[in-house]
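The primary structure of each chain is shown beneath.
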Amino acid sequence: MKLSWKLFFITTPLFVLFLTLFGVWMIQDNFQNSLDREIQRCMVENQMFQNSYELTRHSLSEDVLKQTSEKKLVESFYQEQDDVTVCILNEVGFPLYQEGNFRLEHHILDSLDEENNVGYELIQREGAVYLVVVCCTDSERYIETAKNITAIYRSRTEMYSRYQTGVLFVAALVGLVTLLALFFVMRNMRKLSLATRKFADGQYSTRVKIKSSDEVGTLANDFNWMADCMNHQMNRLQNEVERQEAFTSAFAHELKTPLTSIIGYADTIRQMNLDPEETAMCADYIYRQGKRLQTLSYKLLELTMARKPDLSFVRISVAELVQEIVRTSQEGMKEKHLNLVVSVHEEMVWCDRELLASLLLNLLDNSRKASEVGRDICLKGETMQDGYRFIVEDEGKGIPPEEMERVTEAFYMVDKSRARKEGGAGLGLTLCAKIVQLHRGRWNMENKESGGLRVIVEIPSEKRYRSAEKEDV
């Protein structure tokens, strides 16, 4: 069964039930009030009759009273009424006076005593309802009045009948309105269901257009938000797949060139009788291409380790770290007669020592490859309010502005021939970007007006690093 029909068959009967219970309570309360008023009125009338009867008796002498019948005594002060009958009984309950031949059987006399000398009883007879009131007089007489109150019960029955008709009409109207409301609400739900199916079939641009401020509208907005997030994630995954494919293609290409050369020169040495000079040339080329493959493997290993880091953050001295980096990079600088100028402020930096050293070595190595013979390379260090800033500058050709955003892509090289000649693999800046990210730092590359490239790396302080870490959690 559909949800709309379930809601209809739940809400409509409940509404009819509550409406019926409320109506029954109202009618019964009104009936009870009318009955209580009628009882009070009958008791007052009985008391008035008793008072008139007692006064009339006391006004007559004993001789006159003995000669006067009960009927004449009553007729002297009472006029018969259509809906009320009066009966006077003696102390044993025998009728002394009675209007007509109509008499109702009751048990009121048994319940009367000196403290409670008035009582009433409701009696049904021949489809009619009578209210009988009996009181005990001072002259040991019982005054009995009976009134037909069938009209009150008939009124209640008529009200029940009219209310039943009204409930049926209102229930039909409410049921129709409920169906229309459910149809409107379920129409929006059907839109959501259809959009969900389309989205599941791969139509990721599907959105729901529901202008409503109720829960369904909120659900539609949440669906659209979810669809936007999933579409964004799908685009990210697609871009990641494309980057992986590009990485694989570039990696295969980077392997192909040196391997082809190594195989070719090795085959030449193996099949041909070369003089010592030619053999040395082939061996040198094989050696250089092997070193290139070795550099590539080391870079890939560093990049892999950076993507699955087991970070060990400690406070280290900048001066000691820079001394170690200078010693490591000095040999490469001497090959091109480059001058490494170092100027750092002594400070304790919160970092992973190995990763930060790798970052600075890669930046210096990139500057070395981009610099001409005899140029200067500067490594600066400055203390910031909430961290430390490293600056690496060279006097090379810089990076074309249109290629600035792509230099951190794996295997991307601005000048491929120069990079390969210098033993580059196009992974240095990719590794640098990952290391900066792991340190929750910032970095920026800009071309200097005088020529060359300036790279600025900002490493946050321990307090700022931990604050960023808590925000991510």
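Just so it is clear, the model here is predicted, and its values are computed rather than measured. (Residues numbered from 1 in each chain as written. Predicted model: local features only at pLDDT ≥ 70, side-chain atom pairs only at ≥ 80, totals over all residues. Heavy atoms only, no water.)

Trainee: Would you mind going over the nonpolar core in detail, with residue names and values included?
Mentor: Ranked by size, the top nonpolar core spans 35 residues in total, and within it Leu356, Leu359, Leu363, Leu364, Phe390 and Val457 carry the most contacts. Among the elements that take part in this core, helix 8 (residues 353–370) stands out by supplying 7 residues, more than any other. Leaving out residues up to four positions away in the same chain, Leu363 has contacts with Val392, Leu429, Cys432, Trp443, Val455 and Val457. Grouped together as the second largest cluster of nonpolar side chains are 22 residues, Phe49, Leu73, Tyr78 and Ile149 included. (Core = buried A, V, L, I, M, F, W, Y, C linked by side-chain atoms within 4.5 Å. Buried < 20%, exposed > 50% of the residue type's maximum accessible area, 1.4 Å probe, protein only. Helix = DSSP H or I, 4+ residues; strand = E, 2+ residues; numbered from the N terminus. Contact = heavy atoms within 4.5 Å.)

Trainee: Tell me about unusual backbone geometry, and name the residues and values.
Mentor: For Glu126, which is not glycine, the phi torsion reads 55° and is therefore positive. Relative to the helices and strands, Glu126 resides in the loop between strand 3 (118–125) and strand 4 (128–136). The exposure class of Glu126 is exposed, given its relative accessible area of 78%. In this structure, Arg440 takes a positive phi of about 55° despite not being glycine.

Trainee: Give a detailed account of the sheet that holds strand 12 (residues 453–460), specifying residues and quantitative values.
Mentor: Pairing in this open sheet of 5 strands is mixed, and the strands run 7-9-10-12-11 from one edge to the other. Sheet topology places strand 7 (339–344) and strand 11 (442–447) at the edges, where each strand pairs with a single neighbour. Looking at each pair of strands side by side, their axes are set apart by 10° on average, direction ignored. Summarising the sheet, strand 7 and strand 9 (residues 376–384) pair through 6 bridges and their orientation is parallel. By the bridge assignment for strand 9, Val341 is matched with Cys378. On the sheet, helix 7 (residues 318–335) packs against strand 7, strand 9 and strand 10 (387–393) and is oriented at approximately 175° with respect to strand 7. (Pairing = 2+ DSSP bridges. Axes fitted to C-alpha atoms, helices over the stretch in contact; angles between N-to-C directions.)

Trainee: Kindly report on empty space enclosed by the protein, identifying the contributing residues and their values.
Mentor: In this structure the tally under the stated criterion is 2 cavities of 30 Å³ or more. Surrounding the second largest cavity, Cys42, Glu45, Val84, Leu131, Val133, Thr145, Ala146 and Lys147 form its lining. Elements that contribute at least two residues to the lining of the second largest cavity include exactly helix 1 (3–59), strand 4 and strand 5 (142–148). Ranked by the residues each element gives to the lining of the second largest cavity, the list is headed by strand 5, at 3 residues. For the lining of the second largest cavity, the per-class residue count stands at 5 nonpolar, 1 polar and 2 charged. (1 Å grid on protein atoms, 1.4 Å probe; cavity = no way out; pocket = protein on both sides within 12 Å on 5 of 7 lines; lining within 4 Å. Points joined across faces, edges and corners; volume = space filled by probe spheres on them. Nonpolar A, V, L, I, M, F, W, Y, C, P; charged D, E, K, R; others polar.)

Trainee: Run through the side chain of Asn46, naming residues and quoting values.
Mentor: Within the fold, Asn46 resides in helix 1. You can call Asn46 buried: its relative accessible area is 2%. At a separation of 3.2 Å, a polar atom in the side chain of Asn46 contacts the main-chain carbonyl oxygen of Val133. (Polar contact = N/O pair within 3.5 Å; in protein donor to acceptor, adjacent residues only side chain to side chain.)

Trainee: Can you break down the environment of Gln203 residue by residue, with the values?
Mentor: Here Gln203 lies in the loop between helix 4 (150–200) and helix 5 (215–271). Sequence separation between Gln203 and Asn231 is 28 residues, and the spatial gap between their C-alpha atoms is 9.8 Å.

Trainee: Could you give me a rundown of the sheet that holds strand 4, with the residues and numbers involved?
Mentor: Strand order across the open sheet formed by 5 strands is 2-1-5-4-3, with antiparallel pairing between neighbours. The sheet is open, and its two edges are formed by strand 2 (95–98) and strand 3, each paired on a single side. When strand polarity is set aside, the average angle formed by the axes of neighbouring strands in this sheet is 20°. The pairing of strand 1 (residues 84–89) with strand 5 spans 6 bridges and is classified as antiparallel. Its bridge partner being in strand 5, Val84 is matched across the sheet by Lys147.

Trainee: Residues and numbers for the pattern of salt bridges, please.
Mentor: Side chains that differ in sign of charge can pair as their charged atoms come close. Counting across every chain of the model gives 19 salt bridges. A salt bridge links Glu70 to Arg57; the nearest nitrogen and oxygen atoms lie 3.7 Å apart. Of this pair, Glu70 sits in helix 3 (residues 70–75) while Arg57 sits in helix 1, placing them 13 residues apart in sequence. Here the two residues Glu70 and Arg57 agree in accessibility, since each one is buried. With a closest N to O distance of 2.5 Å, Glu393 and Arg454 form a salt bridge. (Salt bridge = Lys/Arg side-chain N within 4 Å of Asp/Glu carboxyl O.)

Trainee: Which residues make up the pairing of strand 12, and what values go with them?
Mentor: Burial within strand 12 is extensive, with 7 of its 8 residues counted as buried. Pairing analysis gives 7 bridges linking strand 10 to strand 12, with the strands arranged antiparallel. Each residue of the ladder has a partner; that of Phe390, found in strand 12, is Val457. Pairing geometry for strand 11 and strand 12, over 6 bridges, is antiparallel. Paired with Trp443 across the bridge in strand 12 is Val457. Joining the antiparallel neighbours strand 11 and strand 12 is a turn of 5 residues, in which Gly451 adopts a positive phi near 105°.

Any functional reading would require information beyond the geometric quantities listed.
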